[in-house]
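# Descriptive analysis of the structure
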Amino acid sequence: MAFITLVRMLGDLVGAHLPVYQQSATSKFFTGAFALLVFAIFKYPDRAIFVRPRPDLKGQAPRGYPLVGNMLEIIWNRENQLDAYLETHKRYGPVFTKTVPIMGRYIAINTPHLLEHILKNNMDNYVKGYLFSHHLRDILGHGIFVSDGAQWRFHRKTASNVFTTRFYRSLVNGAFKSGAEELCRVFDRNIARGTMVDLQSLFSRLTLDAFGKLTFGMDFQSLSKDGPNEFGDAFDFLAVEFDARVTNPFWFLTDRLIPGKVRRVQKALEILDSYAQQAITKRRCEDRTTAEGPRTRDMLDFFINYRFEDGTAMDDEALRDVFKNFMIAGRDTTAQGLTWMFYHLMANPHALTNLRKEVAVVMGDSDEFEYETLTQRLPYAKAVFYETLRLYPPVPKNGKVALEDDILPDGTRIDKGDIVVFSNYCMARSTDIWGEDAERFVPERWLVEDSAALSPFGRFRMESTFKFPSFNAGPRICLGQTFATIEALVTTIYVVRRYDFALAPNHPVPKPKGSVTIPMMEELKTRVSHRHT
Ligand code: HEM
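Note that the structure is a prediction, hence the values are computed from the model and not measured.

## Things to note about the overall build of the chain
- Regarding its fold elements, the chain presents 22 helices and 14 strands.
- Here the C-alpha radius of gyration of the chain, 26 Å, is about what a compact globule of 533 residues would show, namely 24 Å.
- Its C-alpha atoms give the chain principal-axis dimensions of about 95 × 60 × 50 Å.
- Taking all 533 residues of the chain together, 53% fall into the buried category.
- Long-range contacts, defined here as pairs at least 24 residues apart, represent 72% of the contacts in the chain between residues at least 6 apart.
- Surface summary for the chain: the accessible area is close to 24,700 Å², and the carbon and sulfur share equals 57%.
- Across the chain, the mean location of the 67 positive side-chain charges is 2 Å away from that of the 63 negative side-chain charges.

## Looking at helix α7 (residues 149–160)
- End to end, α7 covers 16 Å across twelve residues, agreeing with the expected 16 Å (1.5 Å per residue, within 8%).
- Within α7 the residues assigned to the buried category are W152, F154, H155, R156, T158 and A159.
- Packing partners of the buried residues in α7 comprise α14 (299–305) and α15 (316–330).

## Here's the deal with the packing of aromatic side chains
- In the structure shown here, the tally under the stated rule is 36 aromatic pairs.
- Taking the centre distance of 5.2 Å and the plane angle of 50° together, the rings of F203 and F342 count as tilted. Note that F203 is positioned in helix α10 (residues 199–216) and F342 in helix α16 (residues 332–347), a separation of 139 residues in sequence.
- For F342, a relative accessible area of 1% puts it in the buried group.
- Relative to F460, the ring of Y386 lies with its centre 5.5 Å away and its plane at 85°, an arrangement referred to as edge-to-face. Placement of Y386 in helix α19 (residues 379–391) and of F460 in strand β12 (residues 459–460) is noted, with a sequence separation of 74 residues between them.
- Grouping aromatic residues by their ring pairs yields a cluster made of F163, F167, Y168, F176, F211, Y371 and F483.

## Considering the coordination of the iron atom of the ligand
- The sole protein-derived ligand of the iron atom of the ligand is C478 (SG), positioned 2.3 Å away.
- Residue position: C478 is located in the loop between β12 and α22 (481–496).

## Observations regarding the UniProt feature "binding site: heme" (unreviewed entry) in the chain
- Annotation from UniProt places "binding site: heme" (unreviewed entry) at C478.
- Accessibility expressed as a relative area gives 34% for C478, which makes it partly exposed.
- Those residues in contact with C478 that lie beyond four places of it in its chain are F471 and N472.

## Quick look at the packing of helix α17 (residues 349–363) against α22
- Running from amino to carboxyl end, α17 crosses α22 at an angle of 95°, the nearest separation of the two axes being 11 Å. Accordingly, the angle class assigned to the pair α17 and α22 is roughly perpendicular. Residue-level inspection shows L352, L355, R356, V359 and M363 of α17 in contact with α22, the latter providing T492, I493 and V496.
- Residue classes in the contact of α17 with α22 are distributed as six nonpolar, one polar and one charged.

About the thresholds
Here the residue numbers are simple positions, counted from 1 along each chain's written sequence. Residue-level local features of this predicted model are given only where pLDDT is at least 70; pairs of side-chain atoms are given and counted only at 80 or more, and the full residue set underlies all totals for whole chains, interfaces and linings. Excluded from the side-chain calculation are hydrogens and water; included are all heavy atoms of the structure. Secondary structure follows DSSP: runs of H or I at least 4 residues long count as helices, runs of E at least 2 residues long count as strands, and numbering of each begins at the N terminus. C-alpha atoms define the radius of gyration, and 2.2 Å times the number of residues to the power 0.38 defines the globule rule. Summary of the burial criterion: residues with accessible area below 20% of their type's maximum are buried, those above 50% are exposed, and those between are partly exposed, where the area comes from a 1.4 Å probe applied to protein chains only. For this analysis, residues touch if any pair of their heavy atoms sits within 4.5 Å. Using the Shrake-Rupley algorithm and a 1.4 Å probe, accessible areas are obtained, with residue cover drawn only from the displayed protein chains. The charged-residue count follows a simple rule in which Lys and Arg add positive charge and Asp and Glu add negative charge, with His and chain termini not counted at all. Taken as the charge location is NZ of Lys, CZ of Arg, CG of Asp or CD of Glu. In this scheme, a helix's expected span is set at 1.5 Å multiplied by one less than its residue total. Note on ring pairs: Phe, Tyr and Trp rings are taken, using the six-membered ring of Trp, and paired if centres are within 6.5 Å. Classes follow the plane angle, with under 30 degrees stacked, over 60 edge-to-face and the rest tilted. Atoms are scored as donors when they are N, O or S and lie within 2.8 Å of the metal, with 3.2 Å used for Na, K and Ca; no water is included, so coordination may look incomplete. UniProt positions are given in the numbering used here, feature names are shortened, and annotations may be inferred rather than shown by experiment. Fitting a line to C-alpha atoms yields each axis, with helices limited to the stretch in contact; the angle taken between N-to-C directions then spans 0 to 180 degrees. An angle below 35 degrees is treated as roughly parallel, one above 145 as roughly antiparallel, one from 65 to 115 as roughly perpendicular, and anything else as oblique. Residues are grouped as follows: Ala, Val, Leu, Ile, Met, Phe, Trp, Tyr, Cys and Pro are nonpolar; Asp, Glu, Lys and Arg are charged; all remaining types, including Gly, are polar.

What follows is the structure in structure tokens.
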């Protein structure tokens, strides 16, 4: 109302100078709107509408346009967003700013000590807030990824019950090894047929099957079945959709302009919900006792049995949110970590030779995996995985909303409502952070000499999580870091002992696709063959 009154007043003001025959209500309205537009263009010449100027950040801001700020360039570069982000970072330094209508001001901070401030020292001031709830509420509901405060603490505490050393010990020779065996059967079938495989798709199926089984008791059998994978495809579609929303502030309007788009999103959500509901309904009437005694409690058990202070339990809708949030967390991330790792092993044969050598020295011929061996005695194998996650972090960018004004340790001012973003993909390529060889794949950077170590490659030295935030850092650090690490190592060790891998002839250097995670733009077409030692 106030806006229309303002437009009318401006119309009256400008219209007073027009001849009487031009002074109809409509023409006054349009004249007023035009005057308002001209005024707004002068008021917001280089930034998004309603965003306050920041002359103090002048040298750290790529050129913005009147009213829309940097929105067009962000949408334009969506498919290539990580490299575009990197370019901006190289040109304007580790701290830069952009503005976007509706979302407001973004401030990028790609340095470890600033990240420590946001993710740990003053974390209560930096929340997921509307940045996540506005875009993702219909997809992720009130799950861990979109919650803050008490709701986040509840999810975190309940889920933490699952991730115990006992649980990991049961996985290494259980679900993870049987997943690797199933993968070998797929390789054998393709070798027999003389066909190549897409490792990206196979790893997505592998991690979906393992994660479904271990956390919600669902057996997707997506690896053993050829053909489309309804659940996985719906998931992949929504992951790209998340990202489109984060980069396009008008998604709720543009989605309605693309024929069938809203329906497609709805359909994908229905698929996810129906799988989640099946798992919940089955579990509610299931007896945990099996022929071998009580089944180990999984994540769904912990959430179903949780009682709030008033004695009530979670309803099915809340449980479906848990399912979707954990599926997002556990499936794509590890699958993409494995995909980029195998690409690097094929592109760097010396790394594969070293990995095989280490496995032979530490494990001999044994196919029995031990949790301690995987986490402590195979530093080279772990270094290959972590170096991959450094260069191609499965969550390559992230952001938080400032609840109150703040000053960062380098003196940068943050205003209430600003969105503070960081990209570990960019941090990994910063020579200030990682040295001259920052952009190269060098597993050795994670290793230190240790004469007491079993491995010929010494000992693994973990970096500060603020320098290497691939698993996030601070109190919201990834809950599945160990789970992902041992799943990746069991899979890799099991298959590289048995097979050789070669990229398809003329395979392009893979590029990341625009998504919330970091899938490859194209398939990872690979020829697999039996290894003759
Ligand atoms: C290589 C594999 C993985 C990587 C790189 C990774 C990375 C991350 C990152 C960057 C976050 C922070 C996301 C945010 O701020 O919204 C996160 C959170 C989380 N991850 Fe992972 N993740 C991986 C695998 C897993 C797996 C396998 C699980 C479950 C078994 C898992 C469970 C979670 C959960 C529950 C959170 C939310 C933590 C919280 O907000 O307190 N992740 N992960």
